[in-house]
Amino acid sequence: MASITARMTAVLVLWLVACLTGTWAVDRGNFKTCDQSSFCKRQRALKPGESPYRALLETMELTNTRLTLQLINDNNKVRLLLELYRLQGNITRVKINELKPLKPRYEVPDVLVREPPTEPLSLLSQDENGVVLSLGAEAQRVIVSARPFRLDIVEGRDVLMSLNSRGLLAFEHLRMRKDTSQTEQDGETEGDPANQAETNKDEDEKEDGMWEETFKSHTDSKPNGPSAISLDFSLPGVEHVYGIPEHADTLRLKTTDNGDPYRLYNLDVFQYELYNPMALYGAVPVMLAHSAQRTTGIFWLNAAETWVDISSNTAGKTVFGKMLDYVQGSSETPQTDVRWISESGIIDVFLMLGPTAKDVFAQYASLTGTQSFPPLTAVGYHQCRWNYNDQEDVKAVDAGFDEHDIPYDFIWLDIEHTDGKRYFTWDPHKFASPKEMLQGIMDKKRKMVAIVDPHIKVDNNYKIHNEIRSRGYYIKNKDGGDYEGWCWPGSAGYPDFTREDMRAWWASMFAYDQYEGTMENLYTWNDMNEPSVFNGPEVTMHKDAMHGAWEHRDLHNIYGFYVQMATAEGLVQRSGGVERPFVLTRAFFAGSQRYGAVWTGDNAAEWDHLKISIPMCLSLGLVGISFCGADVGGFFKSPSAELLVRWYQTGAYQPFFRAHAHLDTPRREPWLFGPENTALIREAVRQRYTLLPYWYQQFYHAHRTGEPIMRPLWVEYPQDPATFALDDEFLIGRDLLVHPVTEEGSRGVTAYLPGKDEVWFDVHTFQKHNGAQNLYIPVTMSSIPVFQRGGSIIPRKLRVRRSSSCMEHDPYTLFVALNPQRTAEGELYEDDGHTFNYEKKEFLHRRLSFVNNALSSVNLAPDATFTTQSWIERIVLLGARKPSRVSMKTADGPENQLEFDYDSSTSVLTLRKPGMNAGADWTVNFE
């Protein structure tokens, strides 16, 4: 035992050295390539061509809502069951499982918000070659071809998507190992040829990795044998695909023909490399395909390790080659082919058929839910470091923000605040009176986040460990004992968050009488929840660990989802169901958007890491997770003053805005880089705070619709190919375009302003620019290129105070950007900022519009009630003409003439102190 402990200690020390030096990059040798993953290598060795699968049309059964059909593999006679459903909202669901598996295969629970409602299917035609079904009123049909099996979804004359058109469907059936006694095997298969493969066929049982696999020093036993699944999808007319986060790569996904597929396997990859398909902390198996004609989506509901291959018939073609095709009249239609490979489970795929990007967002939201609506304070600025030393340090940092007049809402505590890495505790010396600390922050209307990780110190004097062990809530190893691995506390157990009773118990631990020293202004951060196991294979859990009847391999990617789910529920419960939670998670899966925020993990203080934060968050937004940000300044290493300033300027325009740093780095609070840089950072943070009404409104909209907050330009300009691959600029909602400065020493950036009928106003200078052009913008260190779309109205609060809560009752300034060709429109949303009362219709939601020389505010939610103390203190019109007279009329008052200023050099008209309540009906007329 002593030697094992010594070995474990050595492993932990090596891991800590790697983390703490800050100069190491990721050791790629710790993580598998496809060739080192036996199921990926095995599946990828299959070449496109004749599929062994045939549809047995005589087994077809069609009800009003469901088609079932058996498929047979002619090589081994194993039968599969295909189920096809037409779902409400233009979604088609396809499930494929073994007809009679030896034991049940894992089907992912809890991710779908409900069993999706179906719509009628009807048979249009059938012959010996296949069947044609109607998919409802969209003139859509599904064609099932029998030999080989293939499924096409067609609208009119266009094929939208094809399944198994390349013949890469593969389904490794569960089987008995050949060294099992023949009698036992016959007992499973006798008399039922549909159940198992013919026993006289050699199915490459001797191939490495089928029943056991070794990677470095770790052996993965596979008692269930090979169980991988694969299916290919063809997307005619498509050259651009997006999504499948998390990868540190471009927004537009690359072809993988000459390298590894994109990997989806939640892993603790510190100081990760950029621009490659390696797995990172989270996995959302959702891909969007876009062309100028249509947007569609594929949601592959599988929580096992997954690899995604992408190929294109236009990849690698030069511009000359494409021109040659055009001149010679080539009829080759662009096409992207995608292949999904998962280690276990079943094929359960949702085909989201658009036709627009916003339709796909709504379709995906109907399946997995929308972004949680955070408390308003969580949209402000967060100050974090590993670690603030003690209560005095927290107090000093808090005072530093006041001294330097920089607003913030949350200060964070990392793992060192605990008593020896025991979560739900406080260090008795450094944080001896946490309530006093929290009260001091609360007195300034600020809040705190403390970390609670899912690895639990194995210590018989630790209440949390004893409770989990006595209840049997730990994940088990393959031999039935509690699984233990090494993490920050040393030897640690890992609670089985896939268990509902475990999650309920975990949630109860956040109650104020359980988590001592906590108050209502303390929120939670779940880190290391991939789960991270320092001495495990690929720094994570052994795949043959057990969650009840299921192996960890079946559900690995959903573990972090469950941790955040349980934590968020705990924060809701502690308030009696009244208060909205805020929980940050590092690991995530489809549906994680329902429980809080994510960040891009352990990045580095390098310019390329700043740049990659944009496509990483854009990719997450496309698959439902809008509340995304990156560690401002970079977690590892030390940023130059220039990089730090540019990162604040970028982070201020991303949904989650948090500075964070490694404990081995020099301190970098915003005022430590000299007064000039302090002023630049202060200005960036203040810009965030003036825009909080717009940010909050975008979060409300995302919560209601599933549309991303931070979005690629192509979402709003879907027919403009110039936007399809852009990922160095982005939109916030529809109306703000941001092109951060992410190049060292930059003296200018070139921003693409989309829309041939659009005009865009620089929000700092109010200069007007036409759309559909590349605009060169000279920059200085104070520049943050941001543009407001003509035809929009954006509310701001210009009185910036020390936190968002201090600004609650402050007045609004409306920025009205005019476009002569269209009505200017905007919204104003307000509620109490922290409870669920908005679900009880306690909010105000106003529509603002400028049409026919009149600006008006009308109620968008007449059945809702909310009283606000805020008022409209200023209206600024961009691109305006000078009026002769301006008057205002409210619903219950006389018409009043308003004073105004007009700047002819910028065409800006300013109305000062109109004074109406933000929740009232009013109209301002310009003559």
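We now turn to the structure provided with this report. (Residues numbered from 1 in each chain as written. Predicted model: local features only at pLDDT ≥ 70, side-chain atom pairs only at ≥ 80, totals over all residues. Heavy atoms only, no water.)

**A short note on the overall build of the protein chain**
Secondary structure summary: the protein chain contains 16 helices and 54 strands in total. Here the C-alpha atoms of the protein chain give a radius of gyration of 29 Å, agreeing with the 30 Å that 2.2 N^0.38 yields for 927 residues. Principal-axis analysis of the C-alpha atoms places the extent of the protein chain at approximately 95 × 75 × 55 Å. When burial is assessed residue by residue, the protein chain has 62% of its 927 residues classed as buried. (Helix = DSSP H or I, 4+ residues; strand = E, 2+ residues; numbered from the N terminus. Rg over C-alpha atoms; globule rule 2.2 N^0.38 Å. Buried < 20%, exposed > 50% of the residue type's maximum accessible area, 1.4 Å probe, protein only.)

**Focus: empty space enclosed by the protein**
What the rule picks out here adds up to six cavities of 30 Å³ or more. Roughly 130 Å³ of internal volume is contained in the second largest cavity. At the level of secondary structure, the elements contributing two or more residues to the lining of the second largest cavity comprise strand E12 (212-215) and strand E13 (218-221). Here the lining of the second largest cavity is composed, by residue class, of three nonpolar, five polar and six charged. (1 Å grid on protein atoms, 1.4 Å probe; cavity = no way out; pocket = protein on both sides within 12 Å on 5 of 7 lines; lining within 4 Å. Points joined across faces, edges and corners; volume = space filled by probe spheres on them. Nonpolar A, V, L, I, M, F, W, Y, C, P; charged D, E, K, R; others polar.)

**Focus: the sheet that holds strand E25 (residues 456-457)**
The strand order across the open sheet built from three strands is E25-E27-E26, with neighbouring strands paired in antiparallel fashion. Looking at which strands have only one partner, the edges of the open sheet turn out to be E25 and strand E26 (484-487). (Pairing = 2+ DSSP bridges.)

**Some points on helix H9 (residues 500-508)**
Since there are 3.6 residues in each turn of an α-helix, residues three or four apart along the chain are aligned in direction. For H9, the complete set of buried residues consists of Met502, Arg503, Trp505, Trp506 and Ala507. Taken together, the buried residues of H9 touch E25, helix H8 (463-471) and helix H11 (559-574). (Contact = heavy atoms within 4.5 Å.)

**Topic: the side chain of His247**
You can see His247 is positioned in the loop between strand E15 (240-243) and strand E16 (262-264). Taking the relative accessible area as the measure of exposure, His247 reaches 7% and is therefore buried. Within the structure, the side chain of His247 is placed 2.7 Å from the backbone oxygen of Arg263, a separation counted as a polar contact. Residues in contact with His247, not counting those within four places in the same chain, are Tyr262, Arg263, Leu264, Asn276, Pro277, Met278, Leu280 and Met616. (Polar contact = N/O pair within 3.5 Å; in protein donor to acceptor, adjacent residues only side chain to side chain.)

**Observations regarding the state of the cysteines**
Throughout this description, disulfide means a covalent bond between two cysteine sulfur atoms. All chains considered together, the criterion is met by two disulfides. At a sulfur-sulfur separation of 2.1 Å, the disulfide partner of Cys34 is Cys40. As the torsion about the S-S bond is roughly -100°, the Cys34-Cys40 disulfide counts as left-handed. We note that Cys34, like Cys40, is buried. Covalently, Cys617 is tied to Cys628 through a disulfide, its sulfur atoms 2.1 Å apart. Across the disulfide from Cys617 to Cys628, rotation about the S-S bond amounts to roughly -75°, and the bridge is consequently left-handed. Here Cys628 lies in strand E33 (residues 628-629) and Cys617 lies in helix H12 (residues 607-622), a separation of 11 residues in the sequence. In this pair, the class of Cys617 matches that of Cys628, namely buried. Here the protein chain pairs its bonded cysteines, counted in sequence order, in the arrangement 1-2, 3-4. (Disulfide = S-S within 2.5 Å.)

**A look at the pattern of salt bridges**
In this structure the tally under the stated criterion is 62 salt bridges. One salt bridge connects Arg93 with Asp348, and the closest N-O pair in it is separated by 2.8 Å. Of this pair, Arg93 sits in strand E4 (residues 91-98) while Asp348 sits in strand E21 (residues 347-352), and the two are 255 residues apart along the sequence. Here Arg93 and Asp348 have matching classes, each one buried. Linking Lys222 and Glu213 is a salt bridge whose minimum nitrogen-to-oxygen distance equals 2.7 Å. Residues Lys222 and Glu213 agree in their burial class; the two are buried. Via salt bridges that share partners, Asp220, Arg263, Glu305, Glu343, Glu538, Lys543, Glu551 and Arg553 belong to a single interconnected network. (Salt bridge = Lys/Arg side-chain N within 4 Å of Asp/Glu carboxyl O.)

**Let's talk about the layout of surface pockets**
Of the pockets and cavities examined, the largest pocket occupies roughly 710 Å³. Forming the boundary of the largest pocket are 38 residues, of which Thr377, Ser805, Asp832, Gly833 and His834 lie nearest the centre. Of all the secondary-structure elements, those providing two or more residues to the lining of the largest pocket are H11, helix H15 (692-705) and strand E46 (824-830). The leading source of residues in the lining of the largest pocket is H15, at three residues.

**Overview of helix H6 (residues 391-403)**
The terminal C-alpha atoms of H6, which comprises 13 residues, lie 18 Å apart, in line with the 18 Å expected from a rise of 1.5 Å per residue. All buried positions along H6 are accounted for by Gln391, Asp393, Val394, Val397, Asp398, Gly400 and Phe401. Elements that come into contact with the buried residues of H6 comprise strand E22 (381-383), strand E23 (410-413), helix H7 (434-442) and strand E24 (447-451). Two or three places before Glu392, at the start of H6, stands the capping residue Asp390, its side-chain oxygen 3.2 Å from that residue's backbone nitrogen. Just downstream of H6, Asp405 is the residue with a positive phi angle, here 60°. (Expected span 1.5 Å × (residues − 1).)

**Focus on the nonpolar core**
In terms of nonpolar packing, the biggest core is built from 176 residues, with Phe299, Trp506, Ile558, Phe582 and Tyr648 touching the most fellow members. It is H12 that contributes the most residues to this core, nine residues altogether. Residues in contact with Tyr648, not counting those within four places in the same chain, are Tyr381, Gln383, Val632, Phe657, Ala659, Pro670, Ile681, Ala684 and Val685. Of all hydrophobic cores here, the second largest spans 50 residues; its members include Leu121, Ala146, Leu264 and Met287. (Core = buried A, V, L, I, M, F, W, Y, C linked by side-chain atoms within 4.5 Å.)

**What to know about the pairing of strand E18 (residues 295-300)**
In terms of burial, E18 is a largely internal element, six of the six residues being buried. Judged by which residues are buried, E18 turns out to be covered on both faces: Thr295, Gly297 and Phe299 on one side and Thr296, Ile298 and Trp300 on the other are all buried. Looking at chain direction, strand E17 (residues 286-290) and E18 are connected through five bridges and run antiparallel. From the neighbouring strand, His290 faces E18, where its bridge partner is Thr295. In sequence, E17 turns back onto E18 through a hairpin of four residues. Both E18 and E21 contribute to a ladder of four bridges, which runs antiparallel. Of the residues in E21, the one forming a bridge with Ile298 is Leu351.

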